[in-house]
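# Chains, contacts and geometry: an overview
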Amino acid sequence: MRRSRPSSSPIGRQRARDLAARFGSELRIARAGVGLTQAQVGRLAGCSQQQVSRAERGVMDVSLVTRCRLVAACGFELGWRLYPARTVRLRDSGQLEIATAISAATHPGARIAMEVPVAPRDLRAADLLITLPDEILHVEIERSLVDLQGQLRAAQLKRQALAEHEERPVRLVLAVPDTAAARRAINDIGPLVERTLPATSRAIWKAIRTGRPIGADGLLFVRPASLVARAPRS
């Protein structure tokens, strides 16, 4: 008998139920605050009183469009944000082979740690920390560059949190696969990369192998397919 893979869908359903219930509670409070009945909110939102009631009771199948109309009818705006909850593990995200390639090339005297919390009680984690005698390399691994500026900003915030608890300088290293697509994405915003990540890939590989300091943040190209950690062409 073929064994089915475990699914994370129950977690998603429970979280959706929680959010729908919270939305319903907040909608009810907002409606009461402006002195409107469910029927009045429904007319303003272009839907029925029954739909307003379902939303306030936390029914999940109320559409996002309807929810936006309901809160607008009460003088509010619905917003979505992502909050750190549990860091995606390197193995789950496909980043482990890049971390392994970097670790394999690291100087024997360095201390290596993966998925390190950036601060006490902080749910974010650094993908890879390489502790050298004079500085710490905080390596963030990106399998694809969908928004380099946004990804870089998130990595910088992690590094900032790490640096607050370290005496040695913490250098940010953004590690990406050495592919044509990644190089094109980086070339598109060349000035930003040169300004914020001035250390070259070749210089970072040299520092990793020798244990000597880099002295700056930088961008590291890695060839994960072969798991051969050697400095690519600059």
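Structure's up top.
As a starting point, this report considers the structure included with it.

Here is what the cut-offs are and how they apply
- Residues numbered from 1 in each chain as written.
- Predicted model: local features only at pLDDT ≥ 70, side-chain atom pairs only at ≥ 80, totals over all residues.
- Heavy atoms only, no water.
- Pairing = 2+ DSSP bridges.
- Helix = DSSP H or I, 4+ residues; strand = E, 2+ residues; numbered from the N terminus.
- Axes fitted to C-alpha atoms, helices over the stretch in contact; angles between N-to-C directions.
- Contact = heavy atoms within 4.5 Å.
- Core = buried A, V, L, I, M, F, W, Y, C linked by side-chain atoms within 4.5 Å.
- Buried < 20%, exposed > 50% of the residue type's maximum accessible area, 1.4 Å probe, protein only.
- Phe/Tyr/Trp six-rings, centres within 6.5 Å; stacked < 30°, edge-to-face > 60°.
- Lys NZ or Arg CZ within 6 Å of the ring centre and 35° of its normal.

Glancing now at the sheet that holds strand E5 (residues 218–222). Read from one edge of the open sheet, five strands run E1-E2-E3-E4-E5, paired in mixed fashion. Unpaired on one side and paired on the other, strand E1 (111–117) and E5 mark the two borders of the sheet. For this sheet, the mean angle separating the axes of adjacent strands, direction not counted, is 30 degrees. When strand E4 (residues 170–177) meets E5, the two strands line up parallel, connected through five bridges. By the bridge assignment, Leu 174 is partnered in E5 with Leu 219. Most of the contacts of helix H10 (residues 201–210) go to E5, to which it runs at about 80 degrees, and overall it touches strand E2 (125–131), strand E3 (136–141), E4 and E5.

A separate point is the nonpolar core. Counting 22 residues, the largest nonpolar core has Ile 102, Ile 130, Val 139, Ala 175, Ile 208, Leu 220 and Val 222 as its most contacted members. Among the elements of the structure, helix H6 (96–105), E2, E3, E4, H10 and E5 are those that each provide at least two residues to this core. When residues in this core are grouped by element, the largest group, five residues, is from H6. Excluding anything up to four places from it in sequence, Ile 130 contacts Ile 102, Thr 106, Ala 110, Arg 111, Glu 135, Ile 136, Leu 137, Val 139 and Ile 208. With 15 residues, the next largest nonpolar core counts Leu 172, Val 176, Ala 182 and Ile 189 among its residues.

So, about the packing of aromatic side chains. Counting across every chain of the model gives zero aromatic pairs. Above the plane of the ring of Phe 23 lies Arg 67, whose end atom (NZ or CZ) is 4.8 Å from the centre.

This is a description of form; function is not addressed.
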